[in-house]
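Architecture and fold: a report
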Amino acid sequence: MKLANLAGRATIIVGDRALDVEKASGGALGPDPAVLWDLANHEELRRLEQTAGDADLAKYDEKLLGPVSPRAPKILAVALNYRGHAEESGIPIPEAPTAFGKFTSSLVGPYDPVIVPEGIDKCDFEAEVVVVIGRTMRSVAPEAVWEGIAGVTAGQDITDRREQWRKPLNQFTFAKSYDTFSPCGPLMATVDEFDDPDDIGIAGWVDDLEVQRGRTSDLIFSVPELVSWLSRYVTLEPGDLVFTGTPAGCGVRRVPRLYLEPGMTLTTEVPGVGTMRNPVSR
């Protein structure tokens, strides 16, 4: 299934049209996008998709799409999880994940502006595959992880590099959590939409320049390994987002360096999920 937050309403995307979940279910499922990432609802959502008639489906404006989990209880992310990114950073391949958080208030939709605050001159991009947690998981075994994933979406882990590395202590969470620094979307694809969920593509562009391209088969810690590791220490809840890492090519590692500036467009694509296009502004 392809699921979406369309103007704040839970929606199933069928081809190029939209099925409103509350209307299709006769009110049995509400309009809140939370119904989409609760795996307990997925059997009914599939039934609604399969039984929908032409009159139930409507054209929709993609500009109204928002992040599928707009009030995510937690956003967890991992640094240096692609070999190429670790190598370009000159850092040894890590033996365990390096995790950090992002504030839920940083979430925006797939076509919303990324706002670079006044005076910020080292605003970087990181295209990522993002998984949406679909059931409570604690100390889950890697082989059971995909069973607890509601779906996959695209994300950008925008970063103020100057703040991230400001002395005396480097820190990740705040510098990656400014308002608009976590665009996600455009859709959430359920795991069965992928031939191999451990080999999902991700690519990013700044204007017309392709800056990043990778596949999750190149992750140092696969999605099952990463989510299992996180769940040792933190109880994962439905709606949580896990940013799984970025491939080589982010702005701070390019020669010459490339940072986001107003007037640019940041494009992010995950096949099967769709393409985000976020204008950069002040």
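The structure we're discussing is the one just above.
One structure accompanies this document, and this report is about it. (Residues numbered from 1 in each chain as written. Predicted model: local features only at pLDDT ≥ 70, side-chain atom pairs only at ≥ 80, totals over all residues. Heavy atoms only, no water.)

**Topic: the overall build of the protein**
Within the protein, the regular secondary structure consists of 6 helices and 19 strands. Scaling as 2.2 N^0.38, a compact globule of 282 residues should have a C-alpha radius of gyration of about 19 Å, and the protein matches this with 18 Å. Taken along the three principal axes of its C-alpha coordinates, the protein extends 55 × 45 × 30 Å. Across the 282 residues in the protein, those meeting the buried criterion constitute 55%. (Helix = DSSP H or I, 4+ residues; strand = E, 2+ residues; numbered from the N terminus. Rg over C-alpha atoms; globule rule 2.2 N^0.38 Å. Buried < 20%, exposed > 50% of the residue type's maximum accessible area, 1.4 Å probe, protein only.)

**Points about the pattern of salt bridges**
Going through the model one piece at a time under the given rule, you end up with 18 salt bridges. The shortest N-O distance in the salt bridge between Asp 20 and Arg 9 comes to 2.7 Å. Placement of Asp 20 in strand S3 (residues 17–20) and of Arg 9 in strand S2 (residues 9–14) is noted, with a sequence separation of 11 residues between them. Note that Lys 74 and Glu 237 form a salt bridge whose closest N and O atoms lie 2.7 Å from each other. Of this pair, Lys 74 sits in the loop between strand S5 (65–66) and strand S6 (75–79) while Glu 237 sits in the loop between helix H6 (223–233) and strand S17 (241–243), and the two are 163 residues apart along the sequence. Salt bridges linked by common partners bring Lys 102, Asp 124, Glu 126, Asp 157, Arg 161 and Lys 176 together as one network. (Salt bridge = Lys/Arg side-chain N within 4 Å of Asp/Glu carboxyl O.)

**Thoughts on the packing of aromatic side chains**
The geometry of an aromatic ring pair is captured by the separation of the ring centres together with the interplanar angle, meaning the angle of the planes. In this structure the tally under the stated criterion is 4 aromatic pairs. An angle of 40° between the planes, with centres 5.2 Å apart, marks the rings of Phe 100 and Phe 172 as tilted. Of this pair, Phe 100 sits in strand S7 (residues 98–102) while Phe 172 sits in the loop between helix H5 (161–164) and strand S14 (182–189); the two residues are 72 residues apart in sequence, bridging distant segments of the chain. By relative accessible area, which is 8% here, Phe 100 ends up buried. Here the aromatic rings of Tyr 178 and Phe 181 are separated by 4.9 Å at their centres, their planes lie at 35°, and the arrangement is tilted. A residue is classified by how much of its surface remains accessible, and Tyr 178, at 14% relative accessible area, is buried. Among the residues examined, Phe 181 registers a relative accessible area of 0% and is labelled buried. An aromatic cluster of three or more residues is present, and its members are Phe 174, Tyr 178 and Phe 181. Sitting over the face of the ring of Phe 243, Lys 102 holds its NZ or CZ atom 5.7 Å from the ring centroid. (Phe/Tyr/Trp six-rings, centres within 6.5 Å; stacked < 30°, edge-to-face > 60°. Lys NZ or Arg CZ within 6 Å of the ring centre and 35° of its normal.)

**What to know about the nonpolar core**
In this structure, Val 131, Ile 149, Val 152 and Val 227 are the most contacted members of the largest nonpolar core, which totals 33 residues. Broken down by secondary-structure element, the contributors of at least two residues to this core are S6, strand S11 (127–133), strand S12 (149–156) and H6. Top contributing element to this core by residue count: H6, with 5 residues. Setting aside chain neighbours within four positions, we find Val 227 in contact with Val 131, Ile 133, Met 137, Val 140, Val 145 and Leu 236. Judged by nonpolar contacts, the second largest core, of 27 residues, contains Val 35, Leu 57, Ala 72 and Ile 75. (Core = buried A, V, L, I, M, F, W, Y, C linked by side-chain atoms within 4.5 Å. Contact = heavy atoms within 4.5 Å.)

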